[in-house]
Amino acid sequence: MKDQRSNFPLPLSSVTSPARKPGAPVTVATPQTATQNAARTAVSGGAAKPPQAPGPAPRPPGYAQTRAPSAPTPQRSDLMATEAVRRAMVAKVARQGVADPKVLGAMEIVPRHLFIEPALSAQAYIDASLPIGHNQTISQPYIVARMIEAMRAGGELGRVLEIGTGCGYQAAVLSFVAKEVYSIERIKPLHELAKTNLRPLRISNLRLQYGDGMLGLPQVAPFDGIILAAAGLEVPRALLEQLAIGARLVAPVGAQVQHLHRITRIGKSEWASETLEACHFVPLRPGTI
Ligand code: SAH
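Scope of this entry: the structure provided in the associated data block. (Residues numbered from 1 in each chain as written. Predicted model: local features only at pLDDT ≥ 70, side-chain atom pairs only at ≥ 80, totals over all residues. Heavy atoms only, no water.)

## Some remarks on empty space enclosed by the protein
Taken as a whole, this structure holds two cavities of 30 Å³ or more when the rule is applied. The volume enclosed by the largest cavity comes to roughly 370 Å³. Together, 32 residues line the largest cavity, and Gly-164, Gly-166, Glu-185, Ala-229 and Ala-230 are the ones closest to its centre. Per-element accounting of the lining of the largest cavity gives the leading share, three residues, to strand 2 (residues 136–138). (1 Å grid on protein atoms, 1.4 Å probe; cavity = no way out; pocket = protein on both sides within 12 Å on 5 of 7 lines; lining within 4 Å. Points joined across faces, edges and corners; volume = space filled by probe spheres on them. Helix = DSSP H or I, 4+ residues; strand = E, 2+ residues; numbered from the N terminus.)

Quick look at the structure:
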């Protein structure tokens, strides 16, 4: 088989295009636009061979040093080979207004190319959503960072919940920002994909759950933060009830027109809501498939 690794890593210029102008619409993350993103930036000459699994990222305290026997052997050199493009992606996210050093630091560590199908891995560090199958997407790096920053608001996060694991990228970033992360996915093959993607990273403070995230995880609640990676017409009541007092939930809300909302639980039966910015996510759906 022909080795096409020369397609990877990307040249820095491919991820250093000018930052979004203030007030300009945020790049959207629908399966349609993700497919367009993929097509627009596709490397001619066919699929790029993905890089090998990276070497182990530096771990915060509490990370297991053991690895599932079936996990591929991580190669430190591959993590280093993608370091420059990852740093450029993070610099672009910062230019768009994300300032939280903990979030930016986490995004510099997590190898996004491991969460993207081999044919698209050469585009892993472009600030765009990309298709992950099953009509779903990996979110744009900017929006991942923005949501985590908004949930954290500079505070320390203990236990957090993500609704919509998808390929597992945001869950991995969260694992470097919070002490304990739970992530729920309703599509079984995506839940399995996330497990496969995350295995070589040996993240011990992350639990993946197959189920309907609209119900939350009452057995583990309360949470110090909740992020929804899919948009509903409203935020499910069960999730609001599973927030700790003082904790924040960040969610896209809407159908064709969506905005990010941040809801803070300010009392036992009191929540305060803020509208942040326009966004575009795949829909939040009930049940499991
Ligand atoms: N977190 C992802 C983005 C995933 S896309 C990232 O790292 O980029 C949104 C995901 O939400 C899809 O995989 C979709 O299946 C899932 N989803 C939608 N409704 C859901 C629900 N009720 N419970 C759990 N997952 C849901």
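## Topic: the site of the ligand
With respect to spatial proximity, 26 residues lie near the ligand, and among them Ser-139, Glu-162, Glu-185, Gly-213 and Arg-285 are the closest. A distance of 3.5 Å separates an oxygen atom of the ligand from a polar backbone atom of Tyr-169. The contact in question runs from a nitrogen atom of the ligand to an N or O atom on the backbone of Arg-285, over 2.6 Å. In the complex, the protein chains occlude 99% of the 580 Å² of accessible area that the ligand would expose alone. Under a 2 Å grid-point criterion requiring more than half of the atoms, the pocket assigned to the ligand is the largest cavity. At the level of secondary structure, the elements contributing two or more residues to the shell around the ligand comprise strand 2, strand 3 (157–163), helix 6 (169–175) and strand 4 (178–185). Broken down by element, the shell around the ligand gets its largest block of residues, three residues, from strand 2. When grouped by side-chain class, the residues that make up the shell around the ligand number twelve nonpolar, nine polar and five charged. (Near = heavy atom within 4 Å. Polar contact = N/O pair within 3.5 Å; in protein donor to acceptor, adjacent residues only side chain to side chain. Areas by Shrake-Rupley, 256 points an atom, 1.4 Å probe, with all protein chains shown as cover. Sits in = over half its atoms within 2 Å of the grid points. Nonpolar A, V, L, I, M, F, W, Y, C, P; charged D, E, K, R; others polar.)

## A short note on the environment of Glu-108
Structurally, the position occupied by Glu-108 is in helix 4 (residues 101–109). For Glu-108, a relative accessible area of 34% corresponds to the partly exposed category. When the C-alpha atoms of Glu-108 and Val-90 are compared, they prove to be 6.5 Å apart, with 18 residues separating the residues in sequence. Contact partners of Glu-108, with chain neighbours within four places excluded, come to Arg-86, Arg-87 and Val-90. (Buried < 20%, exposed > 50% of the residue type's maximum accessible area, 1.4 Å probe, protein only. Contact = heavy atoms within 4.5 Å.)

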